[in-house]
Amino acid sequence: MTDKPFWQQKSFAQMTHAEWESLCDGCGKCCLHKLIDSDDERESLYYTDVSCVLLDTANARCSNYQKRTELVPSCVVITPENVHELDFMPTSCAYRRLAEGRGLAAWHPLRNNGSQAPMIEAGMSARGRVVNESEVHEEDLELRIATWPLRDTN
C-alpha cells in the first residue's frame, strides 16, 4: 500500500466517478465565455469575465450541475476520454494539469483538506470576479476580456 493520493496512483480511466469529480477545484473558470480570434493564424483564445448563465457568481459553482447540459447544451462535460483534447481549459485546471503530467497545484482543495480558501487566496477562483451572461450583451463580450483566468501558479 502506498501513501500517495489517488491522483498520483491512478490513471484517469482507473478513477472512480467520485474521484474524477473531486479533481475539479471549483474555480469556475471553465464556465467563462471565451473568444477565439479566427483572423489570427494561431486562433488565439481570450477569456472574458462573463460566466455561463448557470454559474453562481458569488461562489463560482454551477447552480444546476446535474441538469447543466440539458439547460446549457453547449456546456462541455470533461471526461477521461476528452480531457486531452480540451486545450481551451485554463492551464490552472486540475484536469488539464494532470493530463499534462504537472500534478495538482498547492492551492487545490484536495491538497488542503477540501478547503477552497487557498485557491481563492491565490486568485484562482472566479468567485466574485465575474458577471453573469444574462447581464451582458453578446456584442459587448470583446469589451470584457480578462487576463486573470490565464494565471497559473506552481
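Read on for a plain summary of the structure. Since this is a predicted model, take the numbers as computed values, not measurements. (Residues numbered from 1 in each chain as written. Predicted model: local features only at pLDDT ≥ 70, side-chain atom pairs only at ≥ 80, totals over all residues. Heavy atoms only, no water.)

**A few points about the side chain of Asp-25**
Heads up, the rule is: Only DSSP runs of H or I with at least four residues qualify as helices, and only runs of E with at least two residues qualify as strands; both kinds are numbered from the N terminus onward. A simple rule labels every residue: compare its accessible area, found with a 1.4 Å probe on the protein chains alone, to the largest value its type can have, and call it buried under 20%, exposed over 50%, or partly exposed in between. When charges are tallied, Lys and Arg are placed among the positive residues and Asp and Glu among the negative ones, while His and the ends of the chain are skipped. For this analysis, a salt bridge means a side-chain nitrogen from Lys or Arg found within 4 Å of a carboxyl oxygen belonging to Asp or Glu. For the purposes of these results, a polar contact is taken to be a pair of N or O atoms within 3.5 Å, where, inside protein, one atom must be able to donate a hydrogen and its partner to accept one; residues adjacent in sequence count only when each atom of the pair is a side-chain atom. By definition in these notes, contact holds between two residues if any of their heavy atoms fall within 4.5 Å.
Within the secondary structure, Asp-25 is located in the loop between helix H2 (17-22) and strand S1 (32-37). As a buried residue without a salt bridge, Asp-25 has its nearest oppositely charged side chain in Arg-61, at a separation of 7.0 Å. A distance of 2.8 Å separates the side chain of Asp-25 from the backbone nitrogen of Cys-27, its partner in a polar contact. Ignoring anything within four residues of it in the chain, the contact list for Asp-25 reads Ser-92, Ala-94, Trp-107, His-108, Pro-109, Gln-116 and Met-119.

**Some points on the environment of Arg-68**
Mapped onto the elements of the fold, Arg-68 is located in helix H3 (residues 68-71). Judged by relative accessible area, which is 13%, Arg-68 ranks as buried. When the C-alpha positions of Arg-68 and Leu-54 are compared, they lie 7.5 Å apart, and in sequence the two are 14 residues distant. Setting aside its immediate chain neighbours within four residues, Arg-68 contacts Leu-54, Cys-62, Cys-75 and Val-77.

**Some details on the packing of aromatic side chains**
Counted only if it meets this: Pairing of aromatic rings covers Phe, Tyr and Trp, the last counted by its six-membered ring, and requires centre-to-centre distances within 6.5 Å; plane angles under 30 degrees mean stacked, over 60 mean edge-to-face, and any other angle means tilted. Over a ring means this: the NZ of a Lys or the CZ of an Arg is within 6 Å of the ring centre and within 35 degrees of the ring normal.
Enumeration over the complete set of coordinates arrives at three aromatic pairs. Relative to Trp-7, the ring of Phe-6 lies with its centre 5.3 Å away and its plane at 85 degrees, an arrangement referred to as edge-to-face. The exposure classification of Phe-6 matches that of Trp-7, with both residues buried. Pairing Trp-20 with Tyr-95 gives two aromatic rings, centres 4.5 Å apart and planes at 40 degrees, and the pair type is tilted. Here Trp-20 is found in helix H2, whereas its partner Tyr-95 is found in helix H4 (residues 94-99), with 75 residues between them in sequence. With relative accessibility at 5%, the residue Trp-20 sits in the buried group. The exposure class of Tyr-95 is buried, given its relative accessible area of 6%. Ring-pair connections join several aromatic residues into one group, and the members of that group are Phe-12, Trp-20 and Tyr-95. Cation over ring: Arg-129 sits above Trp-148, and NZ or CZ is 4.1 Å from the ring centre.

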